[in-house]
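Structural characterization, general
As a plain string of letters, each chain reads:
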Amino acid sequence: MRSFLQVLHESEVSTFSPWEELYKIVFDSRYLLLTSEERKQVFDKYVRERAEEERKEKKKRLQQKKNEFRQLMEEAKLHSKSSFSDFSSKHGRDERFKGIEKVRDREKFFNEYIVEVRKREKEEKERKKEQVKSDFIALLKEKSVGRHSRWAEIKKKVDLDPRYKAVESSTLREDYFREYCKLVKD
């Protein structure tokens with residue numbers, strides 16, 4: 001059986017070959033080592049195993065191409081406003097771009113990546129906003145702001161500090177101030 005399987009491998013019998021295509025190996029001495037029924041069973045087993053191997057290989061190749069495509073998108077430094085048409089016009093000649101054969105798949109992978117980029121940008125924006133707030137609160141602590149402090153007076157003391165200017169609006173600054181005063185009170 002091993003010899004017959006070896007003949008099938010050496011002859012590169014396709015997994016899509018019908019049983020009748022074995023005429024390619026009829027003249028090999030190992031062909032006659034098995035009965036007709038045994039050859040059929042070994043052939044069927046070979047076809048099933050080889051088909052599974054080919055599916056795995058194809059899946060692995062596709063994953064590799066998808067990873068290369070992703071690497072291309074990372075190198076392109078895409079942002080949340082990037083469009084597929086701009087990306088494809090700039091990188092359409094790259095082999096990693098061409099590696100994904102269907103345009104529909106390229107666009108799908110691109111859109112999935114952009115969703116991730118948007119999520120990262122949103123998280124980064126939230127993190128920066130929290131940092132600005134904590135810096136502003138630290139500024140108020142440094143200036144010994146108490147629960148009876150008045151915003152108009154405190155504002156004059158801190159308006160030149162970069163931590164004060166980092167807060168995007170005066171309304172937000174005042175909100176942070178009131179929130180801090182409540183914390184001091186508690």
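If you're wondering where the values come from, they're calculated on a predicted model, not measured in any experiment.

In this section: the UniProt feature "domain: FF" (unreviewed entry) in the protein chain. Look at the UniProt record and you will see "domain: FF" (unreviewed entry) annotated at residues 61–116. Taken as a whole, residues 61–116 contains 73% helix and 0% strand, while its terminal C-alpha atoms sit 23 Å from one another.

Below, the discussion takes up the UniProt feature "coiled-coil region" (unreviewed entry) in the protein chain. Feature annotation in UniProt assigns "coiled-coil region" (unreviewed entry) to the following positions: residues 48–82 and 115–142. Secondary structure content for residues 48–82 is 80% helix and 0% strand, while the C-alpha to C-alpha distance between its ends is 45 Å. Counting secondary structure, residues 115–142 comes out at 100% helix and 0% strand; the distance between its end C-alpha atoms is 41 Å.

Let's shift gears to the pattern of salt bridges. This structure, assessed with the given rule, holds 16 salt bridges. Among the ionic pairs, Lys40 bridges to Asp44, the shortest N-O distance being 3.4 Å. Taken as a pair, Lys40 and Asp44 lie in helix α2 (residues 36–75) at a separation of four residues, close to a single helical turn. For Arg96, the salt bridge identified is with Glu75, shortest N-O distance 3.0 Å. Taken together, the residues span a long stretch of sequence, with Arg96 in helix α4 (residues 95–98) and Glu75 in helix α2 at a distance of 21 residues. A relative accessible area of 19% places Arg96 in the buried class.

Turning our attention to a positive patch on the surface. A cluster of basic side chains, namely Lys58, Arg61, Lys102, Arg104 and Lys108, defines a positive patch on the protein surface. Elements that contribute at least two residues to the positive patch include exactly α2 and α5 (103–142). Inspection of the secondary structure assignment puts Lys108 in helix α5. On the basis of relative accessible area, Lys108 is assigned to the partly exposed category, the value being 45%.

Each value, and the rule that gives it
- Residues numbered from 1 in each chain as written.
- Predicted model: local features only at pLDDT ≥ 70, side-chain atom pairs only at ≥ 80, totals over all residues.
- Heavy atoms only, no water.
- UniProt positions renumbered as here; feature names shortened; annotations may be inferred.
- Helix = DSSP H or I, 4+ residues; strand = E, 2+ residues; numbered from the N terminus.
- Salt bridge = Lys/Arg side-chain N within 4 Å of Asp/Glu carboxyl O.
- Buried < 20%, exposed > 50% of the residue type's maximum accessible area, 1.4 Å probe, protein only.
- Patch = residues over 30% accessible without salt bridge, like charges linked within 9 Å, V, L, I, M, F, W, Y side chains within 5 Å.
- Areas by Shrake-Rupley, 256 points an atom, 1.4 Å probe, with all protein chains shown as cover.
- Lys, Arg positive; Asp, Glu negative; His and termini not counted.
- Charge placed at Lys NZ, Arg CZ, Asp CG, Glu CD.

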